[in-house]
Amino acid sequence: MNPAADVWAKVLTLMQPEMTATTINTWFDDATAVALEDDRFVLYSPTRFKRDIIATRYVSKIQNALRELFSADMEVVVLTEEELNQYQQPTQKNDFFPGTEEYTFERFVVGSSNKFAHAAARAVADNPGQSYNPLFIYGESGLGKTHLLYAIAHTIHKNHPEYKVVYIKGDTFTNELIQAIREGRNAEFREKYRGADVFLMDDVQFIAGRDSTQEEMFHTFNTLYELKKQIVFTSDRPPKEMLRLEDRLKTRFEWGLLADIQPPDYETRMAIIKNKAVRMGVELPEFLLQLIAENITANVRQIEGTVNKIMAYQQLMGDSVDKDTVVRAVKDMFKEKSDIVPTADVIIDEVCKFYNIEPATLRGQGRAKDISLARQIAMYQIRRMTNLSLKEIGKEFDNRDHTTVLHSIERIEDLVKTDPEKAEIIKDITSNINIRYE
Ligand SMILES: Nc1ncnc2c1ncn2[C@@H]1O[C@H](COP(=O)(O)OP(=O)(O)OP(=O)(O)O)[C@@H](O)[C@H]1O
């Protein structure tokens, strides 16, 4: 169904308690929905007189209903006949970073878990280089950091089309730099990044621990900062927890404003699901909204994935699906996600990659300090991430005894508490393992 028409039908229903049926019929009987834009809802009323009444008296009521549907403020426009003829849907409004059209402030649902980061991003987008510099947004994966970064980019581009907005991921920066050095194009690389008016770096944690990248970042930062160019970073953790990051960068990253994003609370999850469903033109009954909001708690990306799957499911099955069938299908989706358990092989492989040793060595009897530590980490990770018993873990490591395995695991448990660098290594290895299953 046309999402705008669908939204309009919902708006009319939502307005019912506040208006008599006669009022609704009188003013809205021939009004039709023209478009649902990013932050505007466009209506058309063929009767000039009715159009004027809607535009003057009822816009705020329509806006209230839209806010309820989208958890966001939208502008409402009521077109006259001539305006309708001239109306052109804005196409590719945000096309200067293709593929990111949906990542706008209007489409970002604000709740208590992200309102600080959202407000900071807005401030920076409205006054680049003048409010907080740098802005450093951090939080776990899938909570909207990239979304905010692009929203900043789109807003600045709209207000200042002449600005050179540069978006780069931490690991791409590293790779490009290596390539530039290899090909003798250092000057070109520098110009590209140090010449930016707005510098946005996603996942900056990936530059930590790499000397030439950190050196380049240091000079890029200084140049941009002195010129009062806006700098924004995102990361999966705050600077002080980036233990392999040079101190001079750590302190610089903290010069401006640090803003964290937490996993969304129940209300925000509900709002995100509703917003997404309405935009996709899907009808999700209350029980289904609640079921998703109760079960998918950690990550907005997973919430979106679930809504997409339900939509596909409903399209396939049509209206004939009964409640039990949908509930079962949705529960299967939850199960599928939480049931992914990495194998011992994959975990051992990732630990070996990190420490640059052979799996056979890790599994074997060698007692060199580095190898023992890596082995203990592997045992700890297997215990944490799989359902294997101590005995089964022992088998993976040349038939070691289960008490040896237990001692190893306990040693790493202690280290994680007392040695932040080790804790960070474990975090890195865990995310490398998880990535293999995404
Ligand atoms: N508050 C929100 N409102 C609407 N959509 C959101 C919100 N938060 C996240 N999303 C959506 O969830 C998905 C994941 O968000 P995003 O890619 O920005 O996460 P991230 O924090 O950058 O994750 P990663 O660290 O894995 O890159 C995107 O499609 C984004 O639009």
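Our subject is the structure listed above.
Basis of the calculations
- Residue numbers here run from 1 along each chain, matching the order of that chain's written sequence.
- The model is predicted, so local features are restricted to residues of pLDDT at least 70 and side-chain atom pairs to those at 80 or more, both for listing and for counting; the totals for chains, interfaces and linings are taken over all residues.
- The side-chain numbers reported here are obtained from all heavy atoms of the structure, hydrogens and water having been left aside.
- The way it works is that DSSP assigns letters per residue, a run of H or I at least four long becomes a helix, a run of E at least two long becomes a strand, and they are numbered from the N terminus.
- Two rings belonging to Phe, Tyr or Trp (six-membered ring only in the last case) form a pair when the distance between their centres is within 6.5 Å. Interplanar angles under 30 degrees mark stacking, angles over 60 mark edge-to-face geometry, and anything in between is tilted.
- Only protein chains enter the accessibility calculation, which uses a 1.4 Å probe. A residue is then buried if its area is under 20% of the maximum for its type, exposed if over 50%, and partly exposed in between.
- Here, a charge over a ring is recorded when the distance from Lys NZ or Arg CZ to the ring centre is within 6 Å and its angle to the ring normal is within 35 degrees.
- We call two strands paired when DSSP finds no fewer than two bridges between them.
- Each axis is a line fitted through C-alpha atoms, taken for helices only over the stretch in contact, and angles between the N-to-C directions span 0 to 180 degrees.
- Residue contacts are counted whenever heavy atoms from the two residues lie within 4.5 Å of one another.
- A right-handed crossover is one whose linking path, passing over the helix from the first strand to the second, runs clockwise when the strands point away from the viewer.

## Structural notes on unusual backbone geometry
- Cis geometry is found at the peptide bond from asparagine 133 to proline 134, where omega equals -5°.
- Take proline 134: it is sitting in the loop between α5 (115-126) and β4 (135-139).
- Even without being a glycine, lysine 228 presents a positive backbone phi close to 60°.
- Checked against the element boundaries, lysine 228 lands in the loop between α9 (211-226) and β7 (230-235).
- Despite not being glycine, asparagine 399 has its phi angle at roughly 60°, a positive value.
- Mapped onto the elements of the fold, asparagine 399 is located in the loop between α18 (390-396) and α19 (402-418).

## What to know about the packing of aromatic side chains
- Under the counting rule described, the total for this entry stands at 21 aromatic pairs.
- For the ring pair phenylalanine 28 and tyrosine 58, a centre distance of 5.5 Å and an interplane angle of 70° mean the geometry is edge-to-face. Of this pair, phenylalanine 28 sits in helix α2 (residues 21-28) while tyrosine 58 sits in helix α3 (residues 48-70), placing them 30 residues apart in sequence. The pair formed by phenylalanine 28 and tyrosine 58 is uniform in burial state, with each residue classed as buried.
- Judged by centre distance (6.1 Å) and plane angle (50°), the ring pair of phenylalanine 136 and phenylalanine 233 falls under tilted. One end of the pair, phenylalanine 136, is in strand β4; the other, phenylalanine 233, is in strand β7, and 97 residues separate them in sequence.
- A residue is classified by how much of its surface remains accessible, and phenylalanine 233, at 0% relative accessible area, is buried.
- In this structure an aromatic cluster arises from ring pairing among Phe136, Tyr138, Phe221, Tyr225, Phe233, Phe253 and Trp255.
- When the ring centre of phenylalanine 218 is taken as origin, the NZ or CZ atom of arginine 248, which lies over that ring, is 4.0 Å away.

## Describing the sheet that holds strand β1 (residues 32-36)
- With respect to topology, three strands assemble into an open sheet ordered β1-β2-β3, the strand pairing being mixed. Of all strands in the sheet, those with a lone pairing partner are β1 and β3 (75-79), marking the two edges. Neighbouring strand axes in the sheet, compared pairwise and without regard to direction, differ in orientation by 25° on average.
- Strands β1 and β2 (40-44) of the sheet are contacted by helix α1 (residues 3-15), whose axis makes an angle of about 120° with β1.
- With respect to the sheet, α3 is in contact with β1, β2 and β3, its orientation differing from that of β3 by roughly 145°.

## Considering the pairing of β3
- Most of β3 is tucked away, with four of its five residues classed as buried.
- The pairing of β2 with β3 spans five bridges and is parallel. In the sheet register, phenylalanine 41 faces β3, and the bridge partner there is valine 76.
- After leaving β2, the chain enters α3 and then returns to the sheet as β3, a path that is right-handed.

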